[in-house]
Amino acid sequence: MSDAIRAVILGIIEGVTEFLPVSSTGHLLLAERFFGLGEGAFWDSFTVLIQLGAILAIVGLYFRKLWDVAIGLFTGDAYARRFVIGVLVAFLPAVVVGLVAGKYIKSVLFNPWVVCFTLIVGGAILLWVDKLDLKPREHDATKFPLLMYLYIGIAQCVAMIPGVSRSGASIVAAMFLGADKRAAAEFSFFLAIPTMIGAFAYDFYKNRSEMTMDHMGIVAIGFVVSFITAIIVVKAFLGYVTRHGFVVFAWWRVIVGTLGLIALALGR
């Protein structure tokens, strides 16, 4: 398989799974384990670098809202200022946990067995949450209470375990704290912006000396594919989850995790 085709496939996986509660990291790890995609140091960095494409999709889709927030910072808009502080507060726990335990998590937990188990457990949790009769009282992701932002950020840290899902952890936490499904999903998108830009910047800086022009071309392919795919998925996801909930994503997780465990048990 050529590197260009591999980049397209990984870009599609990233764009499809990054903002759905199914774990992009888990799917990318399983793609590497079972299909030989993304093996090697460069491809480990590639899967981080192409996340910027997915993030720019969110910036594009929510440009007007983000622009209004940015303008509000300079015009003294209290809501805009509080939202930015809320995103930073939610982002901070991931920074702390990443600095303290990031290397340990990556060396111990980044294996397909962990991914498959956490996919199944996460699917069961989504099925349970979807059946709860929660009474949402927060309907605007830019106006959550500050403590709510912090608790969502703490919950997001659980997603450092591959297979948990960053968006899934933050969406479930937001719903338990009183957000409706759409607002919970939208805040998971906003929170992804600093989280994934930070991961991109760190990985690019760390591996900048190894990036050749050939490497940059492959990254560009994955970047564009993840950008286009993420735009399509996010637009469809918000409408779908508002009407139908998370059942299909829960079963997706359970089926992928179960198939993965069977393959691992058979020595594949």
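Residues numbered from 1 in each chain as written. Predicted model: local features only at pLDDT ≥ 70, side-chain atom pairs only at ≥ 80, totals over all residues. Heavy atoms only, no water.

## A short note on the overall build of the chain
Secondary structure summary: the chain contains 12 helices and zero strands in total. Secondary structure elements of the chain occur, N-terminal to C-terminal, as α-α-α-α-α-α-α-α-α-α-α-α. Over its C-alpha trace the chain gives a radius of gyration of 18 Å, about what one expects of a compact globule, namely 18 Å for 268 residues. Buried residues in the chain amount to 49% of all 268 residues. Partitioning the contacts of the chain with sequence separation of at least 6, the portion at a separation of at least 24 is 85%. Surface summary for the chain: the accessible area is close to 13,000 Å², and the carbon and sulfur share equals 70%. Taking the average location of the 21 positive side-chain charges in the chain and that of its 17 negative ones, the two points are 5 Å from each other. (Helix = DSSP H or I, 4+ residues; strand = E, 2+ residues; numbered from the N terminus. Rg over C-alpha atoms; globule rule 2.2 N^0.38 Å. Buried < 20%, exposed > 50% of the residue type's maximum accessible area, 1.4 Å probe, protein only. Contact = heavy atoms within 4.5 Å. Areas by Shrake-Rupley, 256 points an atom, 1.4 Å probe, with all protein chains shown as cover. Lys, Arg positive; Asp, Glu negative; His and termini not counted. Charge placed at Lys NZ, Arg CZ, Asp CG, Glu CD.)

## A word on the UniProt feature "transmembrane region" (unreviewed entry) in the chain
Annotation from UniProt places "transmembrane region" (unreviewed entry) at residues 42–63, 83–104, 110–129, 149–177, 183–205, 217–238 and 250–267. Between the end C-alpha atoms of residues 183–205 there is a gap of 34 Å, over a span that is 100% helix and 0% strand. Annotation note: span residues 250–267, helix share 89%, strand share 0%, distance between end C-alpha atoms 26 Å. (UniProt positions renumbered as here; feature names shortened; annotations may be inferred.)

## Overview of helix α8 (residues 146–156)
Along α8, the positions that sit buried rather than exposed are Met-148, Tyr-149, Ile-152, Gly-153, Ala-155 and Gln-156. Buried residues along α8 cover an arc of 160 degrees about the axis, so they all sit on one side. In the core, the buried residues of α8 are packed alongside α6 (78–109), α9 (166–176) and α10 (181–206). (Arc of directions from axis to C-beta.)

## Overview of a nonpolar patch on the surface
A cluster of nonpolar residues, Val-247, Trp-251, Ile-255, Leu-259, Ile-262 and Leu-266, forms a patch on the protein surface that exposes about 600 Å² of accessible area. One can find Leu-259 in helix α12 (residues 247–265). (Patch = residues over 30% accessible without salt bridge, like charges linked within 9 Å, V, L, I, M, F, W, Y side chains within 5 Å. Salt bridge = Lys/Arg side-chain N within 4 Å of Asp/Glu carboxyl O.)

## Things to note about the nonpolar core
Counting residues in hydrophobic clusters, the biggest one holds 48 residues, and the most contacted among them are Phe-19, Phe-144, Ile-152, Phe-187, Phe-189, Phe-237 and Phe-246. Elements with a contribution of two residues or more to this core: α4 (51–61), α6, α7 (112–131), α8, α9, α10, α11 (213–244) and α12. The element best represented in this core is α10, accounting for 10 residues. Residues within four places of Ile-152 in sequence aside, it is in contact with Phe-144, Ser-170, Ala-173, Ala-174, Leu-177, Phe-187 and Leu-191. Ranked by size, the runner-up nonpolar core spans 13 residues in total, among them Ala-7, Leu-10, Leu-37 and Ile-50. (Core = buried A, V, L, I, M, F, W, Y, C linked by side-chain atoms within 4.5 Å.)

## Let's talk about the environment of Ile-232
Considering the arrangement of structural elements, one finds Ile-232 in helix α11. Sequence separation between Ile-232 and Ala-54 is 178 residues, and the spatial gap between their C-alpha atoms is 11 Å.

## Remarks on the side chain of Ser-165
Structurally, Ser-165 is set in the loop between α8 and α9. Residue Ser-165 is classed as buried on the basis of its relative accessible area, which comes to 4%. A polar side-chain atom of Ser-165 sits 3.3 Å from a polar atom in the side chain of Ser-167. Looking at Ser-165, its side chain comes within polar contact range of the main-chain nitrogen of Gly-168, at 2.9 Å. The residues touching Ser-165, leaving out its near neighbours within four places in the chain, are Leu-20, Pro-21, Val-22, Ser-23, Ala-159 and Arg-253. (Polar contact = N/O pair within 3.5 Å; in protein donor to acceptor, adjacent residues only side chain to side chain.)

## Looking at the side chain of Ser-167
Position of Ser-167 among the secondary structure elements: in helix α9. Residues in contact with Ser-167, not counting those within four places in the same chain, are Glu-18, Phe-19, Leu-20, Pro-21 and Ser-188.

## Let's talk about the packing of helix α1 (residues 3–17) against helix α2 (residues 24–35)
Close contact between α1 and α2 brings their axes to 9 Å; oriented N to C, the two are set at 155 degrees. By the angle between their axes, α1 is roughly antiparallel relative to α2. At the point where α1 passes α2, the crossing takes the right-handed sense. Residues Leu-10, Ile-13, Glu-14 and Thr-17 of α1 form the contact with α2, whose participating residues are Ser-24, His-27, Leu-28 and Ala-31. A breakdown of the residues in the contact of α1 with α2 according to their chemical character gives four nonpolar, three polar and one charged. (Axes fitted to C-alpha atoms, helices over the stretch in contact; angles between N-to-C directions. Parallel < 35°, antiparallel > 145°, perpendicular 65-115°, else oblique. Left-handed = near helix turned anticlockwise from the far one by under 90°. Nonpolar A, V, L, I, M, F, W, Y, C, P; charged D, E, K, R; others polar.)

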